[in-house]
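Examining the three-dimensional arrangement
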Amino acid sequence: MKAMRVLRDTGNLTLLQPRGVYGPQGDSYLLRDALMKASVPQGAQVLDVCTGTGLIAMVAARLGARRVHAVDTCYRAVLTARGNARLNRLPVRVEHGDFRFCRAAGRRYDVVTANPPYVPCPGPGGAARGPARAWDAGPDGRRHLDLLCAMAPRLLAADGTLLLVHSALCAPHRTLRLLGEAGLKASVVARRRQPFGPVLTARAAWLAEQGLIERGQREEDLVVVRADRVPAPGAGGPA
């Protein structure tokens, strides 16, 4: 298929990426490296939100997770991640949905990874259809981030860890504050500076008008925020 790319990850994973599915980029690899440094407990249960090609979910499986659950709101991404997991012979369960779906099912995880849409865009919300739904996230880029921060404690098991990647254009200090207010211990554990891609380059003038970047700025910082659920002294388990 002309619309299909075959990618080889540095971890020796083979990834098929059809047109319309968000492929591994700088944010994906920054999150992957943070996950590898986080020391996933053997036998852990892991949730990967906005899985795309399934890269992060498969890395978690390679690191020894007992159960890896991946979700995406794009049906094409779900099929892609399922195919990639089979291709690499890794036990990853992929479903259509998002973290709200997982919370409604009452599931809790030792590790939650997330690379949600976070690119600021004109208009009140992100794209409803098409490739842009993988990155557009409202005027401040926080359409999904704020909700994920609020729901994180209810997704994490006792001693659970969240690893969340997004651009510094989307106010990492707000992410830290919201996670702290939710009762988690949060900090930035990884950072990467990279040139704007095509989407941010095309929006540079608008981003400058919104005060999100400086005039002439053509680079952004990506950050990975780690948040840990620390049980209260004497607590018998998750609230």
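Residues numbered from 1 in each chain as written. Predicted model: local features only at pLDDT ≥ 70, side-chain atom pairs only at ≥ 80, totals over all residues. Heavy atoms only, no water.

Counting secondary structure elements, the protein contains eight helices and nine strands. Across the 239 residues of the protein, 51% fall into the buried class. Expressed as a percentage of contacts within the protein between residues at least 6 apart in sequence, the contacts between residues at least 24 apart total 67%. When the accessible surface of the protein is split by element, carbon and sulfur atoms take 52% of a total near 11,400 Å². (Helix = DSSP H or I, 4+ residues; strand = E, 2+ residues; numbered from the N terminus. Buried < 20%, exposed > 50% of the residue type's maximum accessible area, 1.4 Å probe, protein only. Contact = heavy atoms within 4.5 Å. Areas by Shrake-Rupley, 256 points an atom, 1.4 Å probe, with all protein chains shown as cover.)

With that out of the way, let us pick up the confidence of the model for the protein. Residue-level pLDDT values for the protein average 88, and 88% of them are 70 or greater. Ranking the helices and strands of the protein by mean pLDDT puts helix H6 (residues 172–181) first, with 97, and helix H4 (residues 99–104) last, with 64. (pLDDT = per-residue confidence, 0-100.)

Time to look at the packing of helix H1 (residues 26–37) against helix H2 (residues 55–62). Contact geometry for H1 and H2: axes closest at 10 Å, N-to-C directions at 15 degrees. Relative to H2, the element H1 lies roughly parallel. Crossing geometry of H1 relative to H2 is assigned as right-handed. The residues of H2 that touch H1, namely those facing Ser-28, Tyr-29, Leu-31, Arg-32, Leu-35 and Met-36, are Leu-55, Ile-56, Val-59 and Ala-60. (Axes fitted to C-alpha atoms, helices over the stretch in contact; angles between N-to-C directions. Parallel < 35°, antiparallel > 145°, perpendicular 65-115°, else oblique. Left-handed = near helix turned anticlockwise from the far one by under 90°.)

Quick look at the pairing of strand E3 (residues 45–49) now. For a regular strand, side-chain orientation follows a simple rule: the groups alternate between the two sheet faces. Buried residues dominate E3, accounting for four of its five residues. Pairing between E3 and strand E4 (residues 67–72): five bridges, direction parallel. When the sheet's bridge partners are listed, Gln-45 is paired in E4 with Arg-67. Taking the sense of rotation as the criterion, the β-α-β connection linking E3, H2 and E4 turns out right-handed. When E3 meets strand E6 (residues 109–114), the two strands line up parallel, connected through four bridges. Residue Val-46 lies in a different strand from E6, and its bridge partner there is Val-111. (Pairing = 2+ DSSP bridges. Right-handed = clockwise from strand over helix to strand, strands pointing away.)

In this section: the sheet that holds E3. In space, the seven strands of this open sheet follow the order E5-E4-E3-E6-E7-E9-E8, with mixed pairing throughout. Strands at the two margins of the open sheet, each flanked by one partner only, are strand E5 (92–96) and strand E8 (184–195). Between one strand axis and the next, the sheet turns through 15 degrees on average, direction left out of account. Inspection of the sheet shows strand E7 (residues 156–167) paired to strand E9 (residues 219–229) by seven bridges, in the antiparallel sense. Along E9, the bridge assignment pairs Ser-167 with Leu-222. With respect to the sheet, H1 is in contact with E6, E7, E8 and E9, its orientation differing from that of E9 by roughly 35 degrees.

So, about the side chain of Asp-72. By the element assignment, Asp-72 lies in strand E4. A polar contact is formed between the side chain of Asp-72 and the backbone nitrogen of Cys-74, at a distance of 2.9 Å. Dropping the residues within four chain positions of it, Asp-72 is found in contact with Cys-50, Thr-51, Gly-52, Ala-77, Val-78, Glu-95, His-96 and Gly-97. (Polar contact = N/O pair within 3.5 Å; in protein donor to acceptor, adjacent residues only side chain to side chain.)

Before going further, it helps to spend a moment on the environment of Ala-137. As for its position among the elements, Ala-137 is in the loop between E6 and helix H5 (145–155). The class of Ala-137 is buried, set by a relative accessible area of 0%. Residues Ala-137 and Pro-122 lie 15 residues apart in sequence; the distance between their C-alpha atoms is 9.1 Å.

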